[in-house]
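This is what each chain is made of:
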Amino acid sequence: MASPPDWPDTVFGALKDAGVRQVAYVPDAGHARLIELARGDNAVRAVPLTAEQEGVALLGGAWLGGEAGALLMQSSGVGNVINMLGMSAECRFPLLMLVTMRGEWGEFNPWQVPMGQATQASLEAVGVIVQRVDDADSVAETVEAAARMAFQGGRMVAVLIGQRLLGAKNWDK
Amino acid sequence: MGDQPEITLDRRAVVARILKGRADTLVVTGLGAPSWDTAAAGDRADNFYLWGGMGGAAATGLGLALAQPGRRVLVITGDGEMLMGVGTLATIAVQRPANLAICVIDNQRYGETGMQETHTAFGVDLAAMARGAGIEDAATVWDESALDTAAAALLGAPGPVFVAIKVTPAETPMVLPLRDGLALKHRFREKLLGKA
Amino acid sequence: MAGTQNKPAAITLHRRAVVTRILRDRGDAALVCGIGNAVHDVASCGDDARNMYLAGIMGGAAMVAFGVAVAQPDRRVVVITGDGELLAGLGSLPTIGVEKPRNLAIVVLDNQAYGATGNQLTHTAAGVDLAAIAAASGFPSTALITDEAGIEAAIADIYDRPGPYFAVVKVTTETGPRLDVSRDGTYISRRFRAAMTGGG
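Residues numbered from 1 in each chain as written. Chains lettered and ligands numbered in written order. Predicted model: local features only at pLDDT ≥ 70, side-chain atom pairs only at ≥ 80, totals over all residues.

Student: What's the story with the overall build of chain C in this structure? I'm lost.
Tutor: Each helix and strand in chain C was counted, giving eight helices and eight strands. Its C-alpha radius of gyration of 16 Å places chain C within 12% of the 16 Å reference for a compact globule of 200 residues. A buried classification covers 56% of the 200 residues belonging to chain C. Considering only contacts within chain C whose residues lie at least 6 apart along the sequence, 75% involve residues at least 24 apart. (Helix = DSSP H or I, 4+ residues; strand = E, 2+ residues; numbered from the N terminus. Rg over C-alpha atoms; globule rule 2.2 N^0.38 Å. Buried ≥ 20, exposed ≤ 12 C-beta atoms within 10 Å, placed from the backbone. Contact = placed C-beta atoms within 7 Å.)

Student: Please clarify how the interface of chain B and chain A should be interpreted in this entry.
Tutor: By convention, interface size is frequently given as the accessible area that disappears when the constituent parts associate. Listed as interface residues are 18 residues of chain B and, on the opposing side, 14 residues of chain A. Among the residues making up the side of chain B that touches chain A, the classes are represented as eight nonpolar, seven polar and three charged. (Nonpolar A, V, L, I, M, F, W, Y, C, P; charged D, E, K, R; others polar.)

Student: Please explain unusual backbone geometry as it appears in this structure.
Tutor: Excluding glycine, a negative phi dihedral is what most residues carry, and trans is how most peptide bonds are arranged. Note that the residue after B:Gly159, namely B:Pro160, is joined by a cis bond; omega there is 0 degrees. Residue position: B:Pro160 is located in the loop between helix H7 (147-156) and strand E8 (161-166). For the bond running from C:Gly163 to C:Pro164, omega is 0 degrees, close enough to zero to count as cis. Assignment of secondary structure puts C:Pro164 in the loop between helix H7 (148-159) and strand E8 (165-170). Its identity as a non-glycine residue notwithstanding, B:Ala23 has a phi of 50 degrees, on the positive side. Relative to the helices and strands, B:Ala23 is located in the loop between helix H1 (11-20) and strand E1 (26-29). With a phi angle near 60 degrees, C:Asn119 is a residue other than glycine that sits in the positive phi range. As for its position among the elements, C:Asn119 is in the loop between strand E5 (113-114) and strand E6 (120-121).

Student: Explanation requested: the packing of helix H1 (residues 15-24) of chain C against H7(C) in the structure shown.
Tutor: For any two helices packed against each other, the geometry comes down to the angle between their axes and how far apart the axes lie. All names here are of chain C. In the contact formed by H1 and H7, the axes pass within 10 Å of each other and the chain directions differ by 45 degrees. In this view, H1 runs oblique relative to H7, as classed from their interaxial angle. Viewed along their axes, H1 and H7 form a crossing whose handedness is right-handed. Contact residues: Val-18, Arg-21 and Ile-22 in H1; Ile-151, Ile-155 and Ile-158 in H7. For the contact of H1 with H7, the class distribution of residues is five nonpolar, no polar and one charged. (Axes fitted to C-alpha atoms, helices over the stretch in contact; angles between N-to-C directions. Parallel < 35°, antiparallel > 145°, perpendicular 65-115°, else oblique. Left-handed = near helix turned anticlockwise from the far one by under 90°.)

Student: Just to check I follow, could you spell out the interface of chain A and chain C for this structure?
Tutor: Contact residues are listed per partner, giving 28 residues for chain A and 29 residues for chain C. Of all the elements in the fold, those that place two or more residues in the side of chain A that touches chain C are strand E2 (45-48), helix H3 (52-64) and helix H5 (85-90) of chain A. Looking at the side of chain A that touches chain C, the element that brings in the most residues is H3(A), giving ten residues. Grouping the amino acids of the side of chain A that touches chain C by side-chain chemistry returns 14 nonpolar, nine polar and five charged.

Student: Would you explain helix H3 (residues 61-71) of chain C in this entry?
Tutor: Within an α-helix, residues lying three or four positions from one another point in the same direction, as the helix has 3.6 residues per turn. Of all eleven residues making up H3(C), eleven are buried, and the element is well covered by its neighbours. Of all the residues in H3(C), the buried ones are C:Ala61, C:Ala62, C:Met63, C:Val64, C:Ala65, C:Phe66, C:Gly67, C:Val68, C:Ala69, C:Val70 and C:Ala71.

Student: What is the right way to read the nonpolar core from this model?
Tutor: Among soluble globular proteins, nonpolar side chains are generally buried collectively. In terms of nonpolar packing, the biggest core is built from 186 residues, with B:Cys103, B:Ile165, C:Ala65 and C:Val107 touching the most fellow members. The element that contributes the greatest number of residues to this core is H3(C), accounting for ten residues. Setting aside residues up to four positions removed in sequence, B:Ile165 forms contacts with B:Leu9, B:Val14, B:Cys103, B:Val104, B:Ile105, B:Asp106, B:Val141 and B:Ala150. (Core = buried A, V, L, I, M, F, W, Y, C linked by C-beta atoms within 7 Å.)

Student: Any chance you could explain the sheet that holds strand E6 (residues 156-161) of chain A here in plain terms?
Tutor: Backbone hydrogen bonds are what pair the strands of a sheet, in a parallel or an antiparallel way. Residue and element names in this part refer to chain A. Read from one edge of the open sheet, six strands run E2-E1-E3-E4-E6-E5, paired in parallel fashion. Since the sheet does not close on itself, it has two edges, and those belong to E2 and strand E5 (129-133), each with one partner. Strand-to-strand twist of the sheet, defined as the mean angle between neighbouring strand axes without regard to direction, takes the value 20 degrees. Bridge count between strand E3 (residues 68-74) and strand E4 (residues 95-100): four bridges; the pairing is parallel. Pairing of Gln-74 across the sheet is with Thr-100, part of E4. With respect to the sheet, helix H2 (residues 32-39) is in contact with strand E1 (20-25), E2 and E3, its orientation differing from that of E2 by roughly 125 degrees. (Pairing = 2+ DSSP bridges.)

Student: Where do I start with the pairing of E8(C) in this structure?
Tutor: Remark: a regular strand shows side chains that alternate across the two faces of the sheet. All names here are of chain C. The buried fraction of E8 is high, at six of six residues. The alternating pattern of E8 places Tyr-165, Ala-167 and Val-169 on one face and Phe-166, Val-168 and Lys-170 on the opposite face, and all of these are buried. In the sheet, strand E4 (residues 104-110) pairs with E8 via six bridges, with the strands oriented parallel. Paired with Ala-105 across the bridge in E8 is Tyr-165. Across five bridges, the pairing between strand E7 (residues 141-145) and E8 is parallel. Along E8, the bridge assignment pairs Thr-142 with Phe-166. In this fold, the crossover linking E7 to E8 by way of H7 has right-handed handedness. (Right-handed = clockwise from strand over helix to strand, strands pointing away.)

Student: Would you explain the pairing of E5(A) in this entry?
Tutor: All names here are of chain A. Taken together, the five bridges between E5 and E6 define a ladder with parallel strand orientation. Within E6, the residue paired with Gln-131 across the bridge is Val-159. Crossover connection from E5 via helix H7 (residues 136-151) to parallel E6: handedness right-handed.

Student: What am I meant to see in the environment of C:Glu174 here?
Tutor: Residue and element names in this part refer to chain C. Within the secondary structure, Glu-174 sits in the loop between E8 and helix H8 (185-197). Residue class for Glu-174 comes out exposed when judged on the 11 C-beta atoms lying within 10 Å of it. For the pair Glu-174 and Val-32, spaced 142 residues apart in sequence, the C-alpha separation works out to 22 Å.

Student: Honestly, the packing of helix H3 (residues 57-67) of chain B against helix H5 (residues 88-95) of chain B in this entry has me stumped. Any pointers?
Tutor: All names here are of chain B. Direction vectors running N to C along H3 and H5 enclose 20 degrees, while the axes themselves pass 9 Å from each other. When the axis of H3 is compared with that of H5, the two are roughly parallel. Seen along the crossing, H3 lies across H5 with a hand that is left-handed. Where H3 approaches H5, its residues Ala-58, Ala-59, Leu-62 and Leu-66 are matched on the opposing element by Thr-88, Thr-91, Ile-92 and Gln-95. Of the residues in the contact of H3 with H5, the class split is five nonpolar, three polar and no charged.

Below is the structure:
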């Protein structure tokens, strides 16, 4: 299999440069390296969530307290956050979400497909700006731009990191 | 959060032990390893394996238990999955289904995403949460000695019953059951309700 | 109903009086108010830029407060919310219990009803013990408060004791007058943030 990706390390640097101090997540394989980096860095508070919508509320609170943050989740978790995004929308909280995609490229688990296919539309339906990235070399620059749009542009932004990038699992015998 | 006892139970053996006396108990499994463990113990049409909807296993079991009061319903799931739907414990407690049992195979890890520690690794006590929610028959099993009693409670004690069984994070061979949701539904309902 | 759960003999505390007493000692604490009655209770004590009034969406109050607490480690952050709102985000308790923010306190006004939708019973009416769930989630100090003496004893815990602290206060379903509290999230959040950071 391919060597571990570099993009999480560059992305973590981009997040820190953007002033991210709180990183909320429900563990996801695609985010494993980024989570590890966040947990290992004293300058960042990494908060494991029991469910993704907690992270939307947490990051609203972070902004209220003067700090920037990012929410790491899988596309399935997007389904869990939709209602809570109404708070971010109504309060005009800047919000940065990094979403690792399932259900869109070589997916082996049919149950991932409905939410994977609905991710972009459901985020956009509540006013989130969605930016997709499907090649490793563009991930960090996309996250950097998204962070700028979120924290300086004052918007909710989600970067959808394509499944093609993540090394699709294949368990079929 | 204090010293934990040493954990030595093997998840595959634990689930096999629990299911040995299942008779016609209906089983719902949370996504990931609990599904493989259950399939490894022997695939049956009255196993409903979830492959998604994380956080929904216990609630699925509740709905089934309410629909089939004359049948025993056992949910076998993981700690991460249970945590994601932990409010369901309150929902279950209020309904007090006598025929529902929840078994959490607690390896204190998110097994499908890189074995990151869950909140139970940091002292969150799911059985105590269940008791707080109002599920009186709630316990944690740390070793072999309590396993037989736990299995008997899960399969037969007046519900709702909640047992968290601490197992090692050692990975076990994947035994992949049917993943086609429609097929799973049809075979489960046909077994339970007869042919349409 | 749930068999051996201890229930208070009678619920007598009035939510408005409880919140008035608690807020008397707020000092420079920040307040996050869960949607519904809690917002009006807090606002009735006097509007304050350090009050974050939530509206419309259940289940987020504790986590919003936690985010503020992490960002503002030298400030006390107190959540005042209802049982229904807390139940809708119950997973927040283990999340916060693991992180153990020392400057966070959560006070749940438990009237055992969904006040904003017709007072339907919540799960706490049937014996769900939120304080026990908080303890099981890792909160080092929790309390069930049923009388005025309990409130008095809890003031130090709410504002000074290293947290996180979690208290359930059993209150009747009586409410105080509803105030005209702004639901303009942009306005409320910007003035709160300015109060927190001392800037714009």
